[in-house]
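Survey of secondary and tertiary structure
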Amino acid sequence: TCSTIFDLACSTDGFDTLCGLLTSFDLRDAISGGSWTVFAPTDEAFTKLDDALDGGIASVSDDLLLKILQFHVVDDQVLYSDDLPCELGNNLVTTLSGKDSRTFCEDDVPYGQKGSGNDEVVKFVGVDIDACNGVVHAVEDVLLFNLAPYM
């Protein structure tokens, strides 16, 4: 039997924060069905974001936090690392938030994603983690779009 993306996030070491956020936003049912690609930030990624923000993650509105979570999800597509677009100029992935993140590759092998709010490419720390309703790629930082209008 396979695990849903929710079950995977909540049963894998290192994703406690993600599991907590998915639970607090009542997203269990939403990401237990359908087809998804999830760029899953590790607990360490959330700690780095918490340290970087004035007032920490607690200072971020629920509305913005939900948009940030949605920026890690591609709806109705199961994109294994081989499926992520490497072609320069054609390497955008549209997320559930409606905003795009960019795939970065070396020798046609994806190594990370970047949002307009990230200074650096957010590297994959694990790819192609299978769930029965999609695939998860673990990332070392939280993907961000330009947060300025929201802060």
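As a convention, each chain's residues are numbered from 1 in the sequence order in which they are written. Whole-chain, interface and lining totals are the exception, using all residues; otherwise, since this is a predicted model, local features are given only for residues with pLDDT of at least 70 and side-chain atom pairs are given and counted only at 80 or more. Side-chain numbers here rest on the full set of heavy atoms in the structure, without hydrogens or water.

By the naming in an unreviewed UniProt entry, the chain is FAS1 domain-containing protein, taken from Fragilariopsis cylindrus CCMP1102.

This paragraph deals with the packing of aromatic side chains. Centre distance within 6.5 Å is the pairing criterion for rings of Phe, Tyr and Trp, where only the six-membered ring of Trp is used; planes under 30 degrees apart are then read as stacked, over 60 as edge-to-face, and the remainder as tilted. Inspection of every chain in the model, using the stated rule, returns three aromatic pairs. Ring geometry for phenylalanine 71 and phenylalanine 145: centres 5.3 Å apart, planes at 85°, overall edge-to-face. One end of the pair, phenylalanine 71, is in the loop between helix H4 (62-70) and strand S2 (73-75); the other, phenylalanine 145, is in the segment after strand S7 (134-139), with 74 residues separating them in the sequence. Only protein chains enter the accessibility calculation, which uses a 1.4 Å probe; a residue is then buried when its area is under 20% of its type maximum, exposed when over 50%, and partly exposed in between. When its relative accessible area of 0% is taken as the criterion, phenylalanine 71 is described as buried. Classification of phenylalanine 145 as buried rests on a relative accessible area of 2%. Between phenylalanine 145 and tyrosine 150 the ring centres are 5.6 Å apart and the planes differ by 70°, which places this aromatic pair in the edge-to-face class. Aromatic ring contacts, followed pair by pair, group Phe71, Phe145 and Tyr150 into a single cluster. In this structure, lysine 99 is placed above the aromatic ring of phenylalanine 145, and the distance from its NZ or CZ to the ring centre is 5.1 Å. Secondary structure is summarised from DSSP: a helix means a run of H or I of at least four residues, a strand means a run of E of at least two, and numbering begins at the N terminus for each. Whether a charge lies above a ring is judged from NZ of Lys or CZ of Arg, which has to be within 6 Å of the ring centre and within 35 degrees of the ring normal.

Looking now at the pattern of salt bridges. Put simply, a salt bridge is a Lys or Arg side-chain nitrogen that is within 4 Å of an Asp or Glu carboxyl oxygen. Under the criterion given, the structure shown has three salt bridges. In this structure, aspartate 141 and lysine 48 form a salt bridge, with 3.1 Å as the shortest nitrogen-oxygen distance. Remark: lysine 48 occurs in helix H3 (residues 43-52) and aspartate 141 occurs in the segment after S7; sequence separation between them is 93 residues. Taking relative accessible area as the criterion, aspartate 141 reaches 21% and is therefore assigned partly exposed. Residue classification places lysine 48 among the partly exposed positions, given a relative accessible area of 37%. When the shortest N-O distance is used, the salt bridge between lysine 67 and aspartate 63 registers 3.1 Å. Of the two residues, lysine 67 and aspartate 63 both sit in helix H4, four residues apart, roughly one turn of that helix.

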